[in-house]
Amino acid sequence: MSDPAVELDRAALRRFLRERYPFVAETDHGPQAVAAGECDRCGHEPRMVQPCGPPPADLSGPATPDWALGRRCAVAAGVEGWCDGHADEAAEAIAWLQALPVEADDIARLWWIATGEVRATPDAARRARALLAGS
Ligand SMILES: [Zn+2]
Ligand SMILES: [Zn+2]
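The model shown is predicted, which means the values in this text are computed figures rather than measured ones.

Check the secondary structure of the chain and you find 6 helices and 0 strands. Sequence-ordered secondary structure for the chain, helices as α and strands as β, is α-α-α-α-α-α. Relative to its length of 135 residues, the chain is compact, with a C-alpha radius of gyration of 16 Å against a globular reference of 14 Å. For the chain, the C-alpha atoms occupy an extent of roughly 50 × 30 × 20 Å along the three principal directions. Taking the intrachain contacts of the chain between residues at least 6 apart in sequence as the baseline, contacts between residues at least 24 apart amount to 54%.

The next point concerns the packing of helix 2 (residues 10-20) against helix 5 (residues 104-115). Helix 5 packs onto helix 2 with a crossing angle of 140 degrees between their chain directions and a minimal axis gap of 8 Å. Crossing hand, helix 2 versus helix 5: left-handed. For the pair formed by helix 2 and helix 5, the contact residues are Arg 10, Leu 13, Arg 14 and Leu 17 on the first element and Ile 107, Leu 110, Trp 111, Ala 114 and Thr 115 on the second.

We now examine the environment of Gly 116. Mapped onto the secondary structure, Gly 116 falls in the loop between helix 5 and helix 6 (122-132). You can call Gly 116 exposed: it has 11 C-beta atoms within 10 Å. In this structure, the C-alpha to C-alpha distance between Gly 116 and Val 79, residues 37 residues apart in sequence, is 32 Å.

Okay, the nonpolar core next. Counting 31 residues, the largest nonpolar core has Leu 17, Val 49, Ile 107, Leu 110 and Trp 111 as its most contacted members. Elements with a contribution of two residues or more to this core: helix 2, helix 3 (71-77), helix 4 (87-98), helix 5 and helix 6. With 8 residues, the top contributor of residues to this core is helix 5. Sequence-distant contacts of Ile 107, that is, excluding residues within four places in its chain, are made with Leu 17, Tyr 21 and Val 24.

What follows covers the environment of Leu 97. Looking at the secondary structure, you find Leu 97 in helix 4. Under the C-beta neighbour-count criterion, Leu 97 is labelled buried, with 21 such atoms within 10 Å. Along the backbone, Leu 97 and Val 49 are 48 residues apart, and their C-alpha atoms lie at a distance of 8.8 Å. Aside from chain neighbours lying at most four places away, what touches Leu 97 is Met 48, Val 49, Arg 71, Ala 74 and Val 75.

Each value, and the rule that gives it
- Residues numbered from 1 in each chain as written.
- Chains lettered and ligands numbered in written order.
- Predicted model: local features only at pLDDT ≥ 70, side-chain atom pairs only at ≥ 80, totals over all residues.
- Helix = DSSP H or I, 4+ residues; strand = E, 2+ residues; numbered from the N terminus.
- Rg over C-alpha atoms; globule rule 2.2 N^0.38 Å.
- Contact = placed C-beta atoms within 7 Å.
- Axes fitted to C-alpha atoms, helices over the stretch in contact; angles between N-to-C directions.
- Left-handed = near helix turned anticlockwise from the far one by under 90°.
- Buried ≥ 20, exposed ≤ 12 C-beta atoms within 10 Å, placed from the backbone.
- Core = buried A, V, L, I, M, F, W, Y, C linked by C-beta atoms within 7 Å.

Next up, the structure:
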């Protein structure tokens, strides 16, 4: 049996994702701006931003230095999730999150696979290969 993760051309996947989904290339917000992983509040969406305000009281566990929120939780936290001095950045980040394509969560997870930060599951490897094959 071959390992589907090994067959994946990660460099090609990075090129493809950057072209098709430019948001992955941004360094202020999105999968490159945070540590790879799931939202520290709900645990069910990839991390996208780290608001600068104190960690929300309802994080799923103790706040680590790289705690971050997924798009839904960050939008739900709103501008109050950031400190008063960064209200402009907060509004900008929230607008950015709201403009993401619907499939952005899947794409962010694929990005971390493409960079090697996260190991591909067989399902994710299949999805990546299908994208690269143009289907
Ligand atoms: Zn969340
Ligand atoms: Zn701030």
